[in-house]
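Survey of secondary and tertiary structure
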Amino acid sequence: MKVAVVGTGYVGLVVGAGLAETGNDVVCADVDAAKIASLRQDRIPIFEPGLEPLVVRNQKEGRLTFTTDVADAVRRSAVVFIAVGTPPDEDGSADLQHVLEVARTIGQNMTGPKTVITKSTVPVGTAERVRAEIAKHTRTAFYVVSNPEFLKEGAAVDDFMKPDRVVVGVDSPEAREVLNELYAPFVRTGKPIIFMDIPSAEMTKYAANAMLATRISFMNQIALLCEATGADAHLVRKGIGSDARIGSAFLFPGPGYGGSCFPKDVKALIRTGEERGVPLGILQAVEAANDRQKHVLFEKLSRRFEGRLAGRTIAVWGLAFKAQTDDVRESPALVLIEALLGAGVRVAAHDPAAIETTRRVFGDRITYGEHPYDVIAGADALAILTEWLEYRTPDFPKIHKLLRRPLIVDGRNLYDPERMAKLGFTYDSIGRAPV
Ligand SMILES: NC(=O)c1ccc[n+]([C@@H]2O[C@H](COP(=O)([O-])OP(=O)(O)OC[C@H]3O[C@@H](n4cnc5c(N)ncnc54)[C@H](O)[C@@H]3O)[C@@H](O)[C@H]2O)c1
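Here is a short report on the structure shown in this document. The structure presented is a predicted model; accordingly, all values stated were derived computationally and were not measured.

The environment of the ligand is made up of 28 residues, and the closest members are Asp30, Lys35, Thr86, Glu153 and Lys264. Between the ligand and glutamate 153, the relevant distance is 2.7 Å, taken from a nitrogen atom to a side-chain nitrogen or oxygen of the residue. In the environment of the ligand, an oxygen atom lies 3.2 Å from a nitrogen or oxygen atom belonging to the side chain of arginine 329. Within the complex, 90% of the 830 Å² of free accessible area of the ligand lies under protein. Among the secondary structure elements, those contributing two or more residues to the shell around the ligand are helix H1 (10–21) and helix H5 (97–108). Looking at the shell around the ligand element by element, the count peaks at three residues for H5. Residue classes in the shell around the ligand are distributed as 10 nonpolar, nine polar and nine charged.

Right under this line is the structure:
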């Protein structure tokens, strides 16, 4: 099939490369000329495991091309995915300007019947707005589909190529057939394509992210209570996670959820509730708990230094909002670093993938190390923010020697407190008694 994917970010690039891999003729379009230029030279602008070989192979074989000419990409294609960003507007609602701009371009370039698929996360009713925007500019027949994306950054290629399920909102048999054909290669193991009406598909994406964010905030609050009562959140997590009704995923206490999706999608759903007169108290609490959680590590550090943080140096391991990505959008590390800088602390940071994205936020206000141990030398404490594998079994004696004070504040519970005590560290993690 001839497919255009408009918006070549974390989602659009993976979708485009994945659809090319199954034999489609895909053009990825983006207004960011630098991004398109580097992709044409096989340079992948984001860190995403497994993505580079997919892009390189399909570009070489001519099934995947890149352009800044969105109109031309639309004209050439029978299927158009809209995968542009939907950042939060000032009131928390999803800002649809990019989605509607693409819809307008589609309407103005309808060379023949097309299936237009919203892949971006958009509130209920957006497909209808896309339909109306296209229809303003053309009389050619077209179909509108909602096909929210559930991939996780860090495992995006796997998630797209082997999805748990594909959700498709359609209102015509013709569009249903197109989506069936596009996704058939990805669901050969029997995973379902779940067809539904368009509003339900749009809502499904928000409900999924809101549920996951809820589990995280719930567990973070239980962890705070564990700390206050002497219970161990690690054991409590195991205890509840083995209940089949609860399940073990997304129950790790941590420094708060970040990323480009949960924070903005929870906000947008709260906003939708307000607009429709359905207050979503649960999600308001989820958001408040998360905002609070992002300050927990700073408070722990501040307590350890009895409020006298000014002039100290804190090493930070992990800047990305989670492991296996370079994405620092809404990352808890940014909140901690901002608070530390505000308290007069020098920050030396390491991350295996997210130095460049962090540099765009802090510039020279902090220093960056190429290796994890570079940033520890002479620091007064180490704070761990991201669960990168390479932080899991570090050289503890070396850390002990390099730190001015053997203090580790761990937002990811990477180490065993008893062992850390034996190694001579003061070790403060989430939901477990400090040692
Ligand atoms: N990142 C994720 O893990 C994830 C997962 C599922 C769904 N989503 C949703 O997918 C959408 C895209 O997210 P993302 O993380 O890929 O965003 P992103 O910011 O990485 O990429 C968006 C891209 O769209 C481009 N763009 C903006 N306006 C454009 C226009 N008018 N024409 C062409 N290109 C344009 C930008 O230049 C950018 O490259 C969002 O709605 C997001 O909520 C994201």
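Now, onward.
Structurally, glutamine 293 is set in helix H12 (residues 281–293). Taking relative accessible area as the criterion, glutamine 293 reaches 2% and is therefore assigned buried. Polar contacts involving the side chain of glutamine 293 include one to the main-chain carbonyl oxygen of glycine 254, which spans 2.9 Å. Excluding residues within four positions of it along the chain, glutamine 293 makes contact with Asn220, Leu224, Gly254, Pro255, Gly256 and Ile430.

Moving on, we come to the packing of aromatic side chains. Per the counting criterion, the structure on display carries 11 aromatic pairs. Plain terms: the ring middles of tyrosine 257 and phenylalanine 262 are 5.9 Å apart, the flat faces sit at 75° to each other, and that makes the pair edge-to-face. Residue classification places tyrosine 257 among the buried residues on the basis of a relative accessible area of 4%. An aromatic cluster of at least three residues, connected via ring pairs, comprises Phe396, Tyr415, Phe425 and Tyr427. The ring of phenylalanine 150 is capped by arginine 165, whose NZ or CZ atom sits 3.6 Å from the centre of that ring.

Okay, the nonpolar core next. Residues Leu301, Trp317, Leu319, Leu336 and Tyr415 are the most contacted members of the largest nonpolar core, which totals 55 residues. When residues of this core are assigned to their parent elements, the largest contribution, six residues, is made by helix H14 (residues 332–342). If we ignore the near neighbours within four places in the chain, the residues touching tyrosine 415 are Trp317, Ile384, Tyr391, Arg392, Pro394, Phe396, Asp410, Met420, Tyr427 and Arg432. The next biggest cluster of nonpolar side chains, apart from the first, holds 41 residues, and it includes Val5, Cys28, Leu64 and Ala175.

When we look at burial in H14, the residues that qualify are Pro332, Ala333, Leu334, Leu336, Ile337, Leu340 and Leu341. Positive phi shows up at glycine 344, right after H14, with a value of about 80°.

Looking now at the side chain of glutamate 153. By the secondary structure assignment, glutamate 153 is in the loop between strand S6 (142–146) and helix H7 (156–161). Residue glutamate 153 is classed as buried on the basis of its relative accessible area, which comes to 10%. In this structure the side chain of glutamate 153 is engaged in a polar contact, spanning 3.3 Å, whose partner is the side chain of threonine 325. Setting aside chain neighbours within four positions, we find glutamate 153 in contact with Tyr10, Glu48, Ser260, Phe321, Lys322, Thr325, Asp327 and Arg329.

Assignment of secondary structure puts serine 38 in helix H2 (residues 33–40). For serine 38, a relative accessible area of 11% gives the class buried. C-alpha separation for the pair serine 38 and phenylalanine 186, spaced 148 residues apart in sequence, amounts to 28 Å. Apart from residues lying up to four places away in sequence, serine 38 is in contact with Arg43 and Pro45.

So, how was this worked out
Residues numbered from 1 in each chain as written. Predicted model: local features only at pLDDT ≥ 70, side-chain atom pairs only at ≥ 80, totals over all residues. Heavy atoms only, no water. Near = heavy atom within 4 Å. Polar contact = N/O pair within 3.5 Å; in protein donor to acceptor, adjacent residues only side chain to side chain. Areas by Shrake-Rupley, 256 points an atom, 1.4 Å probe, with all protein chains shown as cover. Helix = DSSP H or I, 4+ residues; strand = E, 2+ residues; numbered from the N terminus. Nonpolar A, V, L, I, M, F, W, Y, C, P; charged D, E, K, R; others polar. Buried < 20%, exposed > 50% of the residue type's maximum accessible area, 1.4 Å probe, protein only. Contact = heavy atoms within 4.5 Å. Phe/Tyr/Trp six-rings, centres within 6.5 Å; stacked < 30°, edge-to-face > 60°. Lys NZ or Arg CZ within 6 Å of the ring centre and 35° of its normal. Core = buried A, V, L, I, M, F, W, Y, C linked by side-chain atoms within 4.5 Å.

Function cannot be read off these values alone, since they describe shape.
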